[in-house]
Amino acid sequence: MAREILAASNLSVPDFSILSRARESGAGRMPQHDLAVILDWQRARLSRQLSRMADRGLLVREDGRAGRRLVVPTDAGREALEAARPAHARAVRRVLLAPAEAHDPATASARIHSSAAT
């Protein structure tokens, strides 16, 4: 999965995870602390990753209410994320769904009948 995402968007899996969560949160910005909790990362690890991503122009960190730092994807970060999403979806289907379908004869049969009809 990592190779597909990297090839499609030049994002690492951690880049993709951070941008996805920040983008999908309300208003496209997420408190840095909340991101650390969701990803189950230590504060120092997240801070280093965010600094590298900011240096690459993928996100900015802004001051929020009550002194909370907000992670905000930039236009470049959103574009890279959109380029990565189809590659991520294909990889998930290949890695997670295809093996499950292989063990389910009804699904395999429906797929064969569907492709024969077209």
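How each quantity is defined
- Residues numbered from 1 in each chain as written.
- Predicted model: local features only at pLDDT ≥ 70, side-chain atom pairs only at ≥ 80, totals over all residues.
- Heavy atoms only, no water.
- Helix = DSSP H or I, 4+ residues; strand = E, 2+ residues; numbered from the N terminus.
- Buried < 20%, exposed > 50% of the residue type's maximum accessible area, 1.4 Å probe, protein only.
- Contact = heavy atoms within 4.5 Å.
- Pairing = 2+ DSSP bridges.
- Phe/Tyr/Trp six-rings, centres within 6.5 Å; stacked < 30°, edge-to-face > 60°.
- Lys NZ or Arg CZ within 6 Å of the ring centre and 35° of its normal.
- Salt bridge = Lys/Arg side-chain N within 4 Å of Asp/Glu carboxyl O.

(A) The overall build of the protein, seen in detail. Along the backbone of the protein there are six helices and three strands. Across the protein, helices and strands are ordered from the amino to the carboxyl terminus as α-α-β-α-α-β-β-α-α. A burial count over the protein gives 31% of its 118 residues as buried. Counting only contacts in the protein whose residues sit at least 6 apart along the sequence, the fraction spanning at least 24 positions is 55%.

(B) Highlighting the pairing of strand 3 (residues 69–73). Buried residues dominate strand 3, accounting for four of its five residues. Of the pairings in the sheet, the one linking strand 2 (residues 59–63) to strand 3 comprises five bridges and is antiparallel in character. Looking at the pairing, glutamate 62 lines up with leucine 70 of strand 3.

(C) Representation of the packing of aromatic side chains. With the rule as written, the count across this model stands at zero aromatic pairs. Arginine 45 extends its terminal NZ or CZ atom over the ring of tryptophan 41, reaching a point 3.9 Å from the ring centre.

(D) Fine view of the pattern of salt bridges. Within this structure, the stated rule accounts for seven salt bridges. With its nearest N and O atoms 3.1 Å apart, the salt bridge here joins glutamate 24 to arginine 85. With glutamate 24 in helix 2 (residues 13–24) and arginine 85 in helix 5 (residues 75–102), the pair connects residues that are 61 residues apart, well separated along the chain. Residue glutamate 24 is classed as exposed on the basis of its relative accessible area, which comes to 56%. On the basis of relative accessible area, arginine 85 is assigned to the partly exposed category, the value being 27%. Two residues, aspartate 63 and arginine 69, come together in a salt bridge whose shortest N-O distance is 2.8 Å. Note on arginine 69: relative accessible area 35%, which makes it partly exposed. Salt bridges linked by common partners bring Glu24, Glu82 and Arg85 together as one network.

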